[in-house]
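The residues making up each chain are set out below.
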Amino acid sequence: MSTQLLNQRPPLADPKEQQEAKLTLEQVLLWLQEDGVISDADLEKCRVYGKSSTSQVKHPLNILIECDVTDQTQLGKPLTLENLTQWLAKKVDLPYYYIDPLKIDIPSVTLIYSHAYAANYNILPIKVSKDEAVIATAEPYIRAWEADLKKIQPGQITRVLANPDEIKRYLGEFYAFAKSLKGATDNSANQPTSTLYNFEQLVELGQISNLDAENQHIVNLVNWLMQYAFDQRASDIHIEPRRNQGNVRFRIDGILHDVYQLPAAVMNPVMSRLKILGRMNIAEKRLPQDGRIKTHLSGKKEIELRLSTMPSAFGEKMVMRVFDPEVLTRDYKQLGFNNHEKVTWNRLIQHSHGIILVTGPTGSGKTTTLYSTLKHLATPEVNLCTVEDPIEQIEPSFNQLQVKANIGLTFASGIRALMRQDPDIIMVGEIRDLETAEMAIQASLTGHLVFSTLHTNNAPSAVVRLLDIGVPAYLIQLTLLGVMAQRLVRVLCRNCKKQVGIDDEQWSRLITPYKAATPSYIYEAVGCKECRYTGYSGRIGIYEIFSNSPVLKKLMVSGCDSAVLQKQAMLEGMRPLRLSAAEKVASGITSVDEMLRVTPENIED
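- By the naming in an unreviewed UniProt entry, the protein chain is Type II secretion system protein E, taken from Methylobacter tundripaludum.
- Of the comments in the UniProt record for the protein chain, the one headed Sequence similarities (unreviewed entry) reads "Belongs to the GSP E family."

1. Regarding helix H8 (residues 144-152)
One turn of an α-helix holds 3.6 residues; hence residues three or four places apart share an orientation.
And step 1. Within H8, burial applies to Trp145, Glu146 and Leu149. Buried residues along H8 cover an arc of 100 degrees about the axis, so they all sit on one side. For H8, exposure combined with an orientation more than 90 degrees from the buried face picks out Lys150 and Lys151.

2. Quick notes on unusual backbone geometry
And step 1. Phi angles above zero are rare outside glycine, and arginine 279 is one such case at about 55 degrees.
And step 2. Mapped onto the fold, arginine 279 is located in the loop between helix H11 (264-277) and strand S9 (289-296).
And step 3. Relative accessible area serves as the criterion here: at 79%, arginine 279 is assigned to the exposed category.
And step 4. Backbone geometry places aspartate 422, a non-glycine residue, at a positive phi of 50 degrees.

3. Considerations on the packing of helix H10 (residues 216-231) against H11
And step 1. As a packed pair, H10 and H11 sit with axes 10 Å apart at the nearest point and diverge in direction by 70 degrees. When the axes of H10 and H11 are compared, the pair comes out roughly perpendicular. You can see that H10 and H11 cross each other, and the crossing is right-handed. Mapping the contact onto sequence places Ile218, Val219, Leu221, Val222 and Met226 in H10 and Val266, Pro269, Val270, Arg273, Leu274 and Leu277 in H11.
And step 2. Residue classes in the contact of H10 with H11 are distributed as 10 nonpolar, no polar and one charged.

4. Details of the sheet that holds strand S15 (residues 425-428)
And step 1. Sheet architecture is open: seven strands sit in the order S14-S13-S15-S16-S12-S17-S20, paired in mixed fashion. Two strands in the sheet have a free side with no partner beyond their single neighbour: strand S14 (399-402) and strand S20 (536-547). Recorded for the sheet is a direction-independent mean angle of 20 degrees between the axes of neighbouring strands.
And step 2. The strands that helix H14 (residues 366-377) touches are strand S12 (354-359), strand S13 (384-388), S14, S15, strand S16 (449-454), strand S17 (480-492) and S20; relative to S16, the one it contacts most, it runs at about 170 degrees.

5. Overview of the side chain of arginine 490
And step 1. Inspection of the secondary structure puts arginine 490 in strand S17.
And step 2. Filtering out sequence-adjacent residues up to four positions away, arginine 490 remains in contact with Asp253, Ile255, Tyr536, Gly538, Arg539, Ile589, Thr590, Glu594 and Arg597.

6. Things to note about the packing of helix H2 (residues 25-34) against helix H3 (residues 40-50)
And step 1. It is at 11 Å that the axes of H2 and H3 come closest, and there the two elements cross at 175 degrees. Looking at the two axes, H2 sits roughly antiparallel to H3. Contacts between H2 and H3 involve Leu25, Glu26, Leu29, Leu30 and Gln33 on the former and, on the latter, Asp40, Leu43, Cys46, Arg47 and Gly50.
And step 2. Here the contact of H2 with H3 is built from residues that sort into five nonpolar, two polar and three charged.

7. Considering the UniProt feature "domain: Bacterial type II secretion system protein E" (unreviewed entry) in the protein chain
And step 1. As recorded in UniProt, the sites labelled "domain: Bacterial type II secretion system protein E" (unreviewed entry) are residues 419-433.
And step 2. In residues 419-433, helix accounts for 0% and strand for 27%; the two terminal C-alpha atoms are 19 Å from one another.

8. Points about the side chain of histidine 238
And step 1. Position of histidine 238 among the secondary structure elements: in strand S6 (residues 234-241).
And step 2. Using a relative accessible area of 10% as the deciding quantity, one classes histidine 238 as buried.
And step 3. Polar side-chain contacts of histidine 238 include one of 3.5 Å to the side chain of lysine 317.
And step 4. Histidine 238 has contacts with Asn247, Val248, Arg249, Arg251, Leu256, Lys317, Met318 and Val319, leaving out every residue within four places of it along the chain.

9. What about H2?
And step 1. For H2, every residue scored as buried is listed here: Leu25, Gln27, Val28, Leu29, Trp31 and Leu32.
And step 2. Within two residues after H2, glycine 36 carries a phi angle of roughly 70 degrees, on the positive side.

10. Some remarks on the pattern of salt bridges
And step 1. Taken as a whole and judged by the stated rule, the model has 25 salt bridges.
And step 2. Linking glutamate 594 and arginine 490 is a salt bridge whose minimum nitrogen-to-oxygen distance equals 3.2 Å. With a gap of 104 residues between them, glutamate 594 in helix H23 (residues 592-598) and arginine 490 in strand S17 connect regions that are remote in the sequence. Here the two residues glutamate 594 and arginine 490 agree in accessibility, since each one is buried.

11. Quick notes on the pairing of S17
And step 1. Where burial is concerned, most of S17 is hidden: 12 out of the 13 residues are buried.
And step 2. Pairing of S12 with S17, which is carried by five bridges, proceeds in the parallel orientation. Looking at the pairing, threonine 359 lines up with alanine 485 of S17.
And step 3. Pairing analysis gives 10 bridges linking S17 to S20, with the strands arranged antiparallel. Looking at S20, one finds that alanine 485 is bridged to glutamate 544.

12. Some words on the environment of leucine 43
And step 1. Considering the arrangement of structural elements, one finds leucine 43 in helix H3.
And step 2. Under the relative-accessibility criterion, leucine 43 is labelled buried at 5%.
And step 3. Taking the C-alpha atoms as reference points, leucine 43 and cysteine 67, 24 residues apart in sequence, are found 9.8 Å from one another.
And step 4. Sequence-distant contacts of leucine 43, defined by excluding residues within four places in its chain, comprise Leu29, Gln33 and Ile38.

13. Concerning the sheet that holds strand S7 (residues 245-252)
And step 1. Strand order in the open sheet formed by six strands is S8-S7-S6-S11-S10-S9, and the pairing between neighbours is antiparallel. Edge strands, defined here as strands with exactly one partner in the open sheet, are strand S8 (255-263) and S9. Strand-to-strand twist of the sheet, defined as the mean angle between neighbouring strand axes without regard to direction, takes the value 20 degrees.
And step 2. Pairing between S7 and S8: eight bridges, direction antiparallel.

14. Here's the deal with the environment of proline 472
And step 1. The topology assignment puts proline 472 in the loop between helix H17 (461-468) and helix H18 (473-479).
And step 2. Taking the C-alpha atoms as reference points, proline 472 and valine 557, 85 residues apart in sequence, are found 8.6 Å from one another.

15. Quick notes on the nonpolar core
And step 1. Core analysis: the biggest nonpolar cluster contains 63 residues, and Tyr113, Leu124, Trp145, Ile237, Phe250, Tyr260 and Leu305 have the highest contact counts within it.
And step 2. Sequence-distant contacts of phenylalanine 250, that is, excluding residues within four places in its chain, are made with Leu102, Leu225, Tyr228, Ala229, Ala234, Asp236, Ile237, Ile255, Leu256, His257 and Val259.
And step 3. Counting residues in each nonpolar core, the second largest holds 56 residues, with Ala412, Ile502, Cys560 and Val598 among its members.

16. Here we look at a nonpolar patch on the surface
And step 1. Together, Leu445, Tyr474 and Leu478 make up a nonpolar patch on the protein surface, roughly 340 Å² of accessible area in all.
And step 2. Note that leucine 445 resides in helix H16 (residues 434-445).
And step 3. On the basis of relative accessibility, which here comes to 43%, the residue leucine 445 falls in the partly exposed class.

The rules we used
Residues numbered from 1 in each chain as written. Predicted model: local features only at pLDDT ≥ 70, side-chain atom pairs only at ≥ 80, totals over all residues. Heavy atoms only, no water. UniProt positions renumbered as here; feature names shortened; annotations may be inferred. Buried < 20%, exposed > 50% of the residue type's maximum accessible area, 1.4 Å probe, protein only. Helix = DSSP H or I, 4+ residues; strand = E, 2+ residues; numbered from the N terminus. Arc of directions from axis to C-beta. Axes fitted to C-alpha atoms, helices over the stretch in contact; angles between N-to-C directions. Parallel < 35°, antiparallel > 145°, perpendicular 65-115°, else oblique. Left-handed = near helix turned anticlockwise from the far one by under 90°. Contact = heavy atoms within 4.5 Å. Nonpolar A, V, L, I, M, F, W, Y, C, P; charged D, E, K, R; others polar. Pairing = 2+ DSSP bridges. Polar contact = N/O pair within 3.5 Å; in protein donor to acceptor, adjacent residues only side chain to side chain. Salt bridge = Lys/Arg side-chain N within 4 Å of Asp/Glu carboxyl O. Core = buried A, V, L, I, M, F, W, Y, C linked by side-chain atoms within 4.5 Å. Patch = residues over 30% accessible without salt bridge, like charges linked within 9 Å, V, L, I, M, F, W, Y side chains within 5 Å. Areas by Shrake-Rupley, 256 points an atom, 1.4 Å probe, with all protein chains shown as cover.

Written out as C-alpha cells, the structure is:
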C-alpha cells in the first residue's frame with residue numbers, strides 16, 4: 001500500500017462507505033459534532049492541538065483524550081477512551097470488543113502474524129480457529145492485512161474495534177510472552193522431560209530435563225506471570241501440572257479463572273524458578289514445601305507471595321497466595337464492619353485476658369481481619385506475639401514465631417515458648433488439636449488475651465467444635481470471650497450495577513426466619529469493561545459476632561446443640577451472617593445472588 005494512499009482522507013459522508021485509509025482527527029471530530037457529542041469550543045481546541053508535531057502520529061481518539069473533551073450528551077462528563085471507542089464502533093458499524101487477556105490463547109493467536117506485521121497495521125489477533133479468525137483493530141478502514149490472512153486462514157475473518165491503547169499494550173505483552181514461551185520450549189525441545197514424579201510414567205526414571213531455571217526466557221515468563229496476576233487483582237495463582245501441559249489459573253474475587261496452558265517441557269523450569277525465588281529446595285519434589293517471595297509492583301509498593309507446593313499425580317503443583325501489605329492499614333469500615341459489629345468487636349478485644357476466635361472457611365478473610373485487629377492493638381506498651389504456620393505476612397510491630405513441625409516446634413510448643421516471653425497478647429494461627437487448644441486456654445487463664453482461628457460454618461458452632469476436640473466445657477465457659485464468623489462477598493461494580501425493585505414478600509422469603517426492613521430497591525450485577533464483565537469488583541466482609549454471656553455459658557455443656565446456642569445468641573443481639581449480607585444488599589454493595597451464594601442456610605424456626 002503506497003504512502004499516498006495511506007495518507008489520503010476519505011470523504012466525510014457516511015462512515016460505512018469509507019475507502020481504505022487511516023482515520024483522521026478531522027473525520028472523527030466532524031462525526032462527533034454531527035452527533036452533538038462535543039461543543040464548538042472543544043472542536044476548535046482539538047483541531048489546534050492535532051496540528052502539533054507531537055500529535056501527528058497519534059490515534060485520533062488519543063488526541064481527543066489528551067484535550068480533555070467533555071460529552072455534551074452526558075451533562076458535560078469527561079469522555080473516556082473506552083466510551084469513545086464504543087461510540088466509534090457504532091459509527092463505523094463494527095462490533096466493539098473488550099480485550100480480556102484471560103480469555104485469549106496467546107500462543108495460538110500470535111502465530112498467525114509477526115509482531116512487526118501486527119504493529120504495522122495496528123491489529124491484534126483475538127481468536128483463531130479453523131472456522132474463524134477474530135482480529136481487533138483500531139483502524140476500521142485499513143483492511144489490506146485481510147488478503148494476507150486469507151492465504152493462511154480459510155475460515156471467516158471477523159473484524160472488531162478495540163481500544164487503541166489496549167491494542168498497543170497487549171501487542172507488546174502478548175508477543176513478548178509468546179517469544180519467551182517459544183524460546184523456553186525450543187531450548188527444551190531436544191531435552192527429555194523429567195517424569196520422575198509423574199505417577200503415570202514411572203518407567204522413564206532416567207530422563208531429566210536440563211533446561212535452566214535461570215534461563216532468560218524462563219525468567220521472563222515468571223516475571224510476566226506474576227506482574228499479570230498483580231494487574232488482574234488475583235488473590236491466588238495456581239500452577240497445576242497435567243499429562244501433556246501445565247495449567248495456570250488465577251483466583252479473582254474468589255472465583256478461579258483459566259489463564260494459560262504451559263507446555264509440559266516448560267513446567268519444570270518455571271516451577272524451579274519460583275522455588276528458587278521462594279528459597280525452597282528445588283531438588284525436593286516428593287514432599288510439600290512452603291516459601292515466600294517479596295517483590296515490587298511496578299517498582300512502587302511491595303507485594304508478598306506465600307508459596308505452597310504439593311506433589312500430585314503429574315508432578316508438583318504450586319499455589320501462590322498474593323498478600324497486599326496495605327490490608328494491615330485498613331480500618332473496620334473498609335473491612336466491611338457496620339457500626340453494630342464494630343462496637344461489639346471493639347468491646348471484645350478490649351479485654352485483658354480470655355480467648356477470641358475468628359471462624360470461617362479457607363479464603364474467608366480471617367487472616368486479614370486478625371492482622372488488621374492486631375495492628376490496631378500493637379502499641380508500644382504491648383508485647384504482641386504470634387505463632388503461625390506459616391507466617392502470613394511479616395509485620396515489624398509483632399513478634400512472629402514460625403511453626404516447624406519437623407523439628408518439634410508445633411503450635412502447642414510455640415505457645416509454651418511464648419508464655420516465657422512476657423506477652424500481653426498472643427495470636428495462634430489455628431487451633432487444630434486438643435494440645436493446641438489446651439495451651440491457648442492455659443495462656444488465657446494466666447492473664448493473656450489470645451486470638452485464634454477455627455474452621456466452622458457459623459460463630460456458635462465454634463463452641464461445639466472445641467467440645468468435639470476434647471476441651472472440657474467448664475474451660476470454654478471460663479475463657480471464651482466471643483467468636484466472630486465471617487465470609488467475603490463480591491462487591492457490585494459501581495460502574496455498571498443496575499437498580500431493580502423488590503417487594504416485601506420477596507425480601508421476607510430471602511431472609512426468613514430473620515427480620516429486616518424491606519429496602520426500596522436493590523441492585524443486581526450487569527458487567528462492563530471495568531469489572532471484566534463479571535458485574536463485580538473486589539470483595540468485602542460480612543460478619544456474625546457471638547459474645548459470651550451468663551445464659552450462654554449455662555448452655556455450653558457436652559453434647560450441646562449449636563442451633564440452641566445460635567437462637568439464644570440472637571435473642572441477646574447477635575446478627576447472623578445472612579442479616580449482615582442482607583444489609584449490604586440493601587445498601588447496594590452486593591447482590592441477592594451473591595448473598596445466597598455465600599451465606600449458609602437459615603436456621604429452622
